[in-house]
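What the coordinates show
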Amino acid sequence: MFRIGQGFDVHRFAKNRPLIIGGVTIPYEKGLAGHSDADVLLHALTDALLGAVGLMDIGTHFPDTDPAFKDADSAFLLKEAWQLVKEKGYAFGNADCTIICERPKMAPYREQMKDRIASLLAVDRDQINVKATTTEKLGFTGREEGIAAMAVVLLKKVEEN
Ligand SMILES: Nc1ccn([C@@H]2O[C@H](COP(=O)(O)O)[C@@H](O)[C@H]2O)c(=O)n1
Ligand SMILES: C[C@@]1(CO)OP(=O)(O)OP(=O)(O)OC[C@H]1O
């Protein structure tokens, strides 16, 4: 049996913060604000995984009111969520992710993001796709107020003998 999940997240830009997207630090004049490291792409992917198996969402498992998750490494949160999904008996099919921002250009970092995400989930890199788009200068991403990300995942129930 297959399960599909989708995730969406937004973080606003902030000065004096690193820009970490898809587990990759991108050299840029500003980063993203958040309770954690604000990796908007890993948050969307984490939500997609949790959503696929009906495990609510990232904030339920890792509340932004909990000091334990202050400045949390989103790579760690993704791995924890994936562990919960695996314990429900699911194998990874594929993930397709989209980063939405005017700047910086994400294309130079997409291969690194694919490698990092594949490594965190212990899957093949060809099971992960990372895309980027602008919104043609429209809306909050177009005004460069923040970055949005979306992710869709497909999981397959592991057959029991
Ligand atoms: N932050 C971004 C946005 C886009 N790209 C790449 O540019 C292509 C064209 O984007 P449009 O929004 O004009 O359709 C897009 O397909 C990406 O390859 C990017 O690297 N970083
Ligand atoms: C990751 C968590 C927890 O540190 O905090 P944020 O970095 O604020 O991220 P968000 O996507 O708003 O929600 C999940 C939070 O619980």
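Treat the numbers as computed from the prediction; the structure is a model and nothing was measured.

Moving on, we get to the site of ligand 2. Looking at ligand 2, there are 13 residues lining it, with Gly34, His35, Ser36, Asp64 and Phe69 nearest. Here the shell around ligand 2 is composed, by residue class, of six nonpolar, five polar and two charged.

Our focus in this paragraph is the site of ligand 1. Every residue lining ligand 1 is accounted for by Cys101, Lys105, Met106, Ala107, Ala132, Thr133 and Thr134. Across the shell around ligand 1, the residue classes break down as four nonpolar, two polar and one charged.

All right, on to the UniProt feature "site: Transition state stabilizer" (unreviewed entry) in the chain then. Here, UniProt's "site: Transition state stabilizer" (unreviewed entry) annotation points to His35 and Thr134. Taking the farthest pair of C-alpha atoms as the criterion, the annotated set spanning 100 residues is dispersed, since that pair is 25.3 Å apart. Beyond its immediate sequence surroundings of up to four residues, His35 is in contact with Asp64, Phe69 and Lys70. Relative to the elements of secondary structure, Thr134 occurs in the loop between strand 6 (128–133) and helix 5 (139–142).

Of the two faces of strand 6, only one is covered, namely that formed by Ile128, Val130 and Ala132; the face formed by Asn129, Lys131 and Thr133 stays uncovered. In terms of strand pairing, strand 5 (residues 90–100) meets strand 6 through six bridges, oriented parallel. When the sheet's bridge partners are listed, Thr98 is paired in strand 6 with Lys131. Chirality of the crossover, the property in question, places the unit of strand 5, helix 4 (residues 110–121) and strand 6 among those that are right-handed.

With that settled, the discussion passes to unusual backbone geometry. Arg103 connects to Pro104 through a cis peptide bond whose omega is -5°. Despite not being glycine, Met56 has its phi angle at roughly 60°, a positive value. Counting through the fold element by element, Met56 comes out in the loop between helix 1 (40–52) and helix 2 (58–61). Judged by the 11 C-beta atoms lying within 10 Å of it, Met56 is exposed.

Either a parallel or an antiparallel arrangement is found when strands of a sheet pair, and the pairing is made through backbone hydrogen bonds. Taken in spatial order, the five strands of this open sheet run 4-1-7-5-6, and their pairing is mixed. In this open sheet, the two strands that pair with only one neighbour each are strand 4 (31–32) and strand 6. Packing against the sheet, helix 1 makes contact with strand 1 (2–14), strand 4, strand 5 and strand 7 (146–157), and its axis sits at approximately 155° to strand 1.

So, about helix 1. For helix 1, built from 13 residues, the straight-helix expectation of 18 Å at 1.5 Å per residue is met to within 8% by its first-to-last C-alpha distance of 18 Å. Of all the 13 residues making up helix 1, 13 are buried; the element is thus mostly covered by neighbouring parts of the structure. Gly54 sits one or two residues past helix 1 and shows a positive phi near 70°.

With that settled, the discussion passes to the pairing of strand 7. Side chains on a regular strand alternate between the two faces of the sheet. For strand 1 and strand 7, the ladder comprises eleven bridges, and the chain directions are antiparallel. Counted as the bridge partner of Phe2 is Lys156 from strand 7. Of the strand pairs in this sheet, strand 5 and strand 7 are connected by ten bridges, and their pairing is antiparallel. Paired with Ile99 across the strands is Ala149, a residue of strand 7.

Calculation criteria
- All residue numbers here refer to positions counted from 1 along the written sequence of the relevant chain.
- Chain labels run from A onward and ligand labels from 1 onward, assigned in the order the entries are written.
- pLDDT decides what is reported in this predicted model: residues at 70 or higher carry local features, side-chain atom pairs at 80 or more are listed and counted, and totals for whole chains, interfaces and linings draw on all residues regardless.
- Using a C-beta atom placed from the backbone, a residue is described as near a molecule or strand when that atom lies within 6 Å of it.
- Classification convention: Asp, Glu, Lys, Arg as charged; Ala, Val, Leu, Ile, Met, Phe, Trp, Tyr, Cys, Pro as nonpolar; all other residues, Gly among them, as polar.
- UniProt positions are given in the numbering used here, feature names are shortened, and annotations may be inferred rather than shown by experiment.
- Contact between two residues is assigned when their C-beta atoms, built from the backbone, lie within 7 Å.
- The secondary structure listing takes helices from DSSP runs of H or I that are at least 4 residues long and strands from runs of E that are at least 2 residues long, numbered from the N terminus.
- To sort residues by burial, count the other C-beta atoms lying within 10 Å of each one's C-beta; a count of 20 or more means buried, 12 or fewer means exposed, and anything in between means partly exposed. C-beta atoms are built from the backbone.
- Paired strands, in this sense, are two strands between which DSSP finds at least two bridges.
- By convention, orient the strands away from the viewer: a clockwise path from the first strand over the helix to the second makes the crossover right-handed.
- To get an axis, fit a line to the C-alpha atoms, keeping to the stretch in contact for a helix; angles then go from 0 to 180 degrees between the N-to-C directions.
- The span expected for a helix works out to 1.5 Å for each residue beyond the first.

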